[in-house]
Amino acid sequence: MAAFNAGPTTDEVIEGISLAGDIALVTGASSGLGVETSRALAAAGAEVVMLARDAAKLEAAADALREADPGATFHTHLVDLADLASVRRAAADLLESYPTIQLLINNAGVMACPLMRTADGFEMQFGTNHLGHFLLTCLLQPALLAGAPGRVVNLSSGGHRFANFNFDDPNYASRDYDKWQAYGESKTANVLFTVGLDARLKASDVRAFAVHPGVIMTELSRHMQQEDFEALSARAPGDGELTFKSVEQGAATSTWAATSPDLEGRGGIYLEDCQIAAPVAPGSAGGVEDYALDSDAAERLWRLSEELVGERFAL
Ligand SMILES: NC(=O)c1ccc[n+]([C@@H]2O[C@H](COP(=O)([O-])OP(=O)(O)OC[C@H]3O[C@@H](n4cnc5c(N)ncnc54)[C@H](OP(=O)(O)O)[C@@H]3O)[C@@H](O)[C@H]2O)c1
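From a predicted model like this one, the values you see are computed outputs, not experimental measurements.

Chemist: Can you help me understand the overall build of the protein chain in this one?
Modeler: A tally of regular secondary structure across the protein chain gives ten helices and eleven strands. For a compact globule of 315 residues, the expected C-alpha radius of gyration is about 20 Å, and the protein chain comes in at 18 Å, within 12% of that figure. Referenced to the eigenvectors of the C-alpha coordinate spread, the extents of the protein chain come out at roughly 45 × 45 × 40 Å. Split into buried and exposed, the 315 residues of the protein chain put 55% on the buried side.

Laid out in structure tokens, this is it:
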């Protein structure tokens, strides 16, 4: 069963805000929330750089946005977040083209795929959702600092509640693979990365936010079977109904995180429904787990991530 949840849209949360002169990068901009986030930021005046791995799909998405809003500026750039060499190439090109960046929306993601490995051998969900974005963000740090004040928005998920991060075996080398556990771990990593990044960059006025966008029908469900929808519904509190948002409502919290004056002076926090999330309460549909905001775990993940990508960052 599904219900529809009214909530603000991208256009509503960005109304009256001008991003003229800003450069905004959006990953996963070939589909779903990334396309809508790109559209909304560009409509507010930002020059938007849409990033994705499939050239034809990315160009089709960008062309559709250009046609709908000829006054807006959309650039495109290829990056495969599941390949660290591709991330390094993209970051080098981006730094050259965009020496100042105000907004980085780390939105790309893969959910509940079968056991797969990235080009570098990492479990696919951890490797794509966290490590690819970790490396991209760290490499783009000079442009973020040069563009300050700015914000980094990391798309997490309510799915972070499925699992704490597993420091003993982050890549499923020695335990049975569970696709939902792995998704949860990667989405907890997105929040921990937000905490670690914000601690490092806040003195330079670059702030980081983690976002749960809601439940939205997008291509994210491409690996799901009917039984997965049933299992997710069964996890929903109350009467087992999943409550859906439209794509415009789903992208609203990312857009709010990137632009809202209500978040001035804040960072290292987890947002949902265009608000700062409360801690998880028994029976609640939303909220953020304490383990995802733990600053010691955030530091540990930072060091592990540096080790896995083979590079230390002067952040
Ligand atoms: N939709 C929801 O209900 C929901 C709920 C909670 C959190 N989220 C989060 O929201 C974010 C956006 O999801 P969505 O719903 O918009 O999903 P989507 O429609 O599947 O879009 C995901 C985007 O990520 C890209 N991507 C995947 N793997 C990549 C890689 N290796 N390198 C570069 N790009 C890659 C996809 O490109 P390809 O098409 O080429 O794969 C696509 O552009 C994700 O981080 C997701 O975890 C979504």
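Having seen it, we continue.
Chemist: How should I be thinking about the pattern of salt bridges in this particular structure?
Modeler: Note on pairing: side chains with opposite charge can pair once their charged atoms come close. A complete count under the given rule lists 16 salt bridges for this structure. For the salt bridge of glutamate 264 with arginine 151, the shortest nitrogen-to-oxygen distance reads 3.7 Å. Of this pair, glutamate 264 sits in the loop between helix H9 (252–259) and strand S10 (269–272) while arginine 151 sits in strand S6 (residues 150–155), placing them 113 residues apart in sequence. Judged by relative accessible area, arginine 151 falls into the buried class, the value being 9%. Aspartate 273 is the partner of lysine 245 in a salt bridge, and the nearest nitrogen-oxygen pair spans 2.6 Å. Here aspartate 273 lies in the loop between S10 and strand S11 (275–276) and lysine 245 lies in strand S9 (residues 242–245), a separation of 28 residues in the sequence. In this structure lysine 245 comes out as buried when scored by relative accessible area, which is 9%. One connected set of salt bridges, linked through shared partners, spans Asp11, Glu36 and Arg39.

Chemist: What should I look at first to understand the nonpolar core in this one?
Modeler: If you look at soluble globular proteins, the nonpolar side chains tend to sit buried side by side. Counting 44 residues, the largest nonpolar core has Leu25, Leu94, Ile101, Leu136, Leu140 and Phe165 as the members making the most contacts within it. Of all the secondary-structure elements, those providing two or more residues to this core are strand S2 (23–27), strand S3 (47–52), helix H4 (84–97), helix H5 (124–146), helix H6 (179–201), strand S7 (206–212) and helix H10 (295–309). Counting residues per element, this core draws most heavily on H5, at ten residues. What leucine 25 contacts, discounting residues up to four positions off in sequence, is Val49, Leu51, Leu94, Ile101, Leu103, Leu104, Ile105 and Leu140. Grouped together as the second largest cluster of nonpolar side chains are 34 residues, Val13, Ala62, Ala258 and Cys274 included.

Chemist: For this particular structure, what's the right way to read H6?
Modeler: In an α-helix, one turn spans 3.6 residues; hence positions three or four apart end up facing the same way. The end-to-end C-alpha distance of H6, which contains 23 residues, comes to 33 Å, matching closely the 33 Å that a straight helix rising 1.5 Å per residue would cover. Taking burial as the measure, the 23 residues of H6 include 19 buried ones, the bulk of the element. Put simply, aspartate 178 is the residue that caps the front of H6, since its side-chain oxygen is 2.9 Å from the backbone nitrogen of tryptophan 180.

Chemist: Could you clarify how one ought to interpret the side chain of threonine 118 in this entry?
Modeler: Residue position: threonine 118 is located in the loop between strand S5 (103–106) and H5. For threonine 118, a relative accessible area of 8% gives the class buried. Contacts of threonine 118, omitting those with residues within four sequence positions, involve Ala82, Glu123, Met124, Gly127 and Thr128.

Chemist: Looking at this structure, I do not really get the site of the ligand. What am I missing?
Modeler: Within the structure, the ligand sits among 30 residues, and Ser30, Ser31, Arg53, Lys57 and Thr218 are positioned closest to it. In this structure, an oxygen atom belonging to the ligand sits 3.2 Å away from a main-chain N or O atom of glycine 28. Backbone polar atom of alanine 108 to an oxygen atom of the ligand: 3.4 Å apart, as the coordinates give it. With the chains in place, 97% of the 890 Å² that the ligand exposes on its own is no longer accessible. Those elements giving two or more residues to the shell around the ligand turn out to be helix H2 (32–43), H6 and strand S8 (215–216). Of the residues belonging to the shell around the ligand, the class tally is eleven nonpolar, twelve polar and seven charged.

Reading the values: rules and limits
- Counting from 1, residues in each chain are numbered in the order their sequence is written.
- Reporting of local features is limited, given that this is a predicted model, to residues whose pLDDT is at least 70; pairs of side-chain atoms are given and counted only at 80 or more, and all residues count toward the totals for whole chains, interfaces and linings.
- Processing note: side-chain calculations cover all non-hydrogen atoms of the structure and skip hydrogens and water entirely.
- Strands here mean DSSP runs of E at least two residues long; helices mean DSSP runs of H or I at least four residues long; both are numbered from the N terminus.
- Taken over C-alpha atoms, the radius of gyration is set against a globule rule of 2.2 Å times the number of residues to the power 0.38.
- Burial classes follow relative accessibility: with a 1.4 Å probe on protein chains only, a residue under 20% of its type's maximum area counts as buried, one over 50% as exposed, and anything between as partly exposed.
- Every case where a carboxyl oxygen of Asp or Glu lies within 4 Å of a side-chain nitrogen of Lys or Arg is listed as a salt bridge.
- For this analysis, a nonpolar core means a set of buried residues of the types Ala, Val, Leu, Ile, Met, Phe, Trp, Tyr and Cys, connected via side-chain atoms within 4.5 Å.
- Contacts are assigned to residue pairs with any non-hydrogen atoms lying within 4.5 Å of each other.
- To estimate how far a helix should extend, the number of its residues minus one is multiplied by 1.5 Å.
- Here a polar contact is recorded for every N or O atom pair within 3.5 Å, except that within protein the pair must consist of a potential hydrogen donor and a potential acceptor, and residues adjacent in sequence are included only if both atoms are side-chain atoms.
- To be near a molecule or strand, a residue needs just one of its heavy atoms within 4 Å of it.
- Accessibility throughout is a Shrake-Rupley quantity obtained with a 1.4 Å probe, and a residue counts as covered only by protein chains that appear here.
- When residues are sorted by character, Ala, Val, Leu, Ile, Met, Phe, Trp, Tyr, Cys and Pro go into the nonpolar class, Asp, Glu, Lys and Arg into the charged class, and all the rest, Gly among them, into the polar class.

Honestly, that's just the spatial picture; any functional story needs more than this.
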